[in-house]
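Examining the three-dimensional arrangement
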Amino acid sequence: MDVSSLPRSFRLLVTGGGTGGHTYPALTAVRTLQGRLAASGRTLDVLWIGTADGLEARVAPAEGIAFKTVATGKIRRSANPLKMLSAANVKDMARVPLGVAQARAIVSEFQPDVVLATGGYVAVPAGLAARLCRRPLVLHEQTVRLGLANRKLASSATRIAVSSESSLALLPAEVRERAVVTGNPVRPEVLTGHGDKAVHALDLTGFDRRLPTVYVTGGAQGAQQINGVVRDVLPWLLGHANVIHQCGPANVDELRVAAAGLGPALAGRYHLTGFVGAELPDVLALADVVLSRSGAGTLAELTALGKPAVFVPLATSAGNEQAHNAQHLSDAGAAVALLGEVTPQTLQNAIGPLLTDPARRTAMAERARAYGRPDAADRLVDVLLSAASG
């Protein structure tokens, strides 16, 4: 989009966070918008409204982004309406009007050209404040279904950016015409990995490059469910593949003991690590199959890269969103979703055909890539600029 009509200094207010799923898409959009404006000699003035204990409280200041907090309340979900009226929920809901008042003062003073809300409880007071101050509000939804915060804000939004075509039919009819499919912004560095660099950086000299490589991850802290089932099938798995297992720092010792009985050949194909940092793009480039949770950020990265995946959704994710995410791709043949109880046998049945049949891997990779949107950040920036231009 042409930025020549924009002010010399463009003001963006960002709200959202709590987790990486809400925080990193916003950060990627900020970086992309910054680059777009800089190319035309313009600057970006950013203010982030978040919570003091959310991931955004560390990420935003580390990126040089001004950061303010407002009062907010976490709604503890339950299928039982009476439990929704728990003392903790009532107390937290009473904090929302205070948060709206605080956010309104911030928005009124900052006077943003546009407000971007990416979800999380803090997005509600800031998003409502944007409406009260008559500032354009763009929502971004990372998952297939609108999250609770974005559902509350949908009627106030100027535009609603969604990550999947299938989300459109799930939107309330009265807001559907304001929706646009952008995809979920992916950190650009994730798309630039090289497998050989991972082999060198992690010293994977025992890997048999004639075999496929599986990357197992449960997120930064690891996932006990995934770790346990991989431990139980490890000799079988290493008979068919090399394995990079990111298990979480607290789980390394236990899994090292479990792997101690492997013979030298199998042990050489197993790389166990608590955390994968800057080398993640190279690890993803090396991987032929990924076994992981199915958070929105993970799906965005794996589809943008066209990686065959076996998903083990986190059963306690808000609104069961990880199961919806995984099922959406599984129905399209773009992944395998393991819903319900995951046993050693169900994992073998799911991942085995992908390891032994290269043609099956290739077909799944192509279907996954069809759902990927590596240009999602640019698309979201287009929506922000359009909303700001009115």
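Residues numbered from 1 in each chain as written. Predicted model: local features only at pLDDT ≥ 70, side-chain atom pairs only at ≥ 80, totals over all residues. Heavy atoms only, no water.

**Points about unusual backbone geometry**
Put simply, the test is: Helix and strand definitions here come from DSSP, where helices need a minimum of 4 consecutive H or I residues and strands a minimum of 2 consecutive E residues; each element is numbered from the N-terminal end. In this scheme, a residue with accessible area under 20% of its type's maximum is buried, one over 50% is exposed, and one in between is partly exposed, where area comes from a 1.4 Å probe on protein chains only.
The backbone of Gln111 shows a phi angle near 50°, a positive value even though the residue is not glycine. Relative to the helices and strands, Gln111 is located in the loop between helix H5 (96-110) and strand E4 (114-117). Exposure remark for Gln111: the relative accessible area of 36% places this residue in the partly exposed category. Although it is not a glycine, Asp203 sits at a positive phi angle of roughly 55°. With respect to the helices and strands, the residue Asp203 is situated in the loop between helix H8 (195-201) and strand E8 (213-217).

**A word on helix H1 (residues 20-38)**
As a reminder, the rule being used: A helix is expected to span 1.5 Å for every residue after the first. We call two residues in contact whenever any of their non-hydrogen atoms come within 4.5 Å of each other.
Counted at 1.5 Å a residue, the expected span for H1 with its 19 residues is 27 Å, and the 26 Å between its end C-alpha atoms agrees. Along H1, the residues classified as buried are Thr23, Pro25, Ala26, Leu27, Thr28, Ala29, Val30, Thr32, Leu33, Arg36 and Leu37. Elements in contact with the buried residues of H1: strand E1 (9-15), strand E2 (43-50), helix H2 (56-62), E4 and helix H17 (376-389).

**Remarks on the pairing of strand E10 (residues 270-273)**
Just so we agree on the cut-off: Should DSSP find at least two bridges between two strands, the strands are taken to pair.
Neither face of E10 is left uncovered, since the one carrying Tyr270 and Leu272 and the one carrying His271 and Thr273 both have all their residues buried. Across four bridges, the pairing between strand E9 (residues 242-246) and E10 is parallel. If you follow Val243 over to E10, its bridge partner there is Tyr270.

**With respect to the layout of surface pockets**
Going by this rule: Lining residues are those with an atom within 4 Å of a point, where the points come from a 1 Å grid over the protein atoms alone and group into cavities, where a 1.4 Å probe fits but cannot get out, or pockets, open sets with protein on both sides within 12 Å along at least five of seven lines. Grid points are joined across faces, edges and corners, and a volume is the space filled by probe spheres set on the points. Throughout, the ten residues Ala, Val, Leu, Ile, Met, Phe, Trp, Tyr, Cys and Pro are labelled nonpolar, Asp, Glu, Lys and Arg are labelled charged, and all others, Gly among them, are labelled polar.
Taken as a whole, the second largest pocket holds about 340 Å³ of empty space. What lines the second largest pocket is a set of 21 residues, and nearest its centre among them are Ser163, Ser164, Thr303, His328 and Tyr371. The dominant element in the lining of the second largest pocket, judged by the number of residues it contributes, is helix H13 (residues 296-305), at four residues. Taken together, the residues that form the lining of the second largest pocket break down as eight nonpolar, 11 polar and two charged.

**Section: the pairing of strand E11 (residues 289-292)**
The line we're drawing: Looking down the strands as they point away from you, a crossover is right-handed if its path from the first strand over the helix to the second goes clockwise.
The two faces of E11 match: Val289 and Leu291 on one face and Val290 and Ser292 on the other face are all buried. Of the strand pairs in this sheet, E8 and E11 are connected by four bridges, and their pairing is parallel. Residue pairing for E11: Val214 is matched across the bridge by Val289. Bridging between E11 and strand E12 (residues 309-311) involves three bridges; their strand directions are parallel. Looking across to E12, one finds that Val290 is bridged to Ala309. Regarding topology, H13 serves as the crossover connection from E11 to the parallel E12, and that connection is right-handed.

**Overview of the environment of Ala370**
Residue position: Ala370 is located in helix H16 (residues 358-370). Residue classification places Ala370 among the exposed residues on the basis of a relative accessible area of 65%. Spatially, the C-alpha atom of Ala370 lies 7.5 Å from that of Thr303, the residues being 67 residues apart in sequence.

**A word on the side chain of Asp208**
How we decide: Pairing of N or O atoms within 3.5 Å defines a polar contact, subject to two protein rules: one partner must be a possible hydrogen donor and the other a possible acceptor, and residues neighboring in sequence count only if both atoms are side-chain atoms.
Structurally, the position occupied by Asp208 is in the loop between H8 and E8. Residue classification places Asp208 among the buried positions, given a relative accessible area of 16%. Of the polar contacts made by the side chain of Asp208, one reaches the backbone nitrogen of Arg210; its length is 3.0 Å. Ignoring anything within four residues of it in the chain, the contact list for Asp208 reads Asn242 and Arg269.

**Focus: the side chain of Asn242**
In this fold, Asn242 is placed in strand E9. A polar contact of 3.4 Å, which involves the side chain of Asn242, links it to the backbone oxygen of Leu211. At 3.4 Å, the side chain of Asn242 and the side chain of Thr213 are in polar contact. Here Asn242 is in contact with Phe207, Asp208, Arg209, Leu211, Pro212, Thr213, Val214 and Arg269, once residues within four sequence places are set aside.

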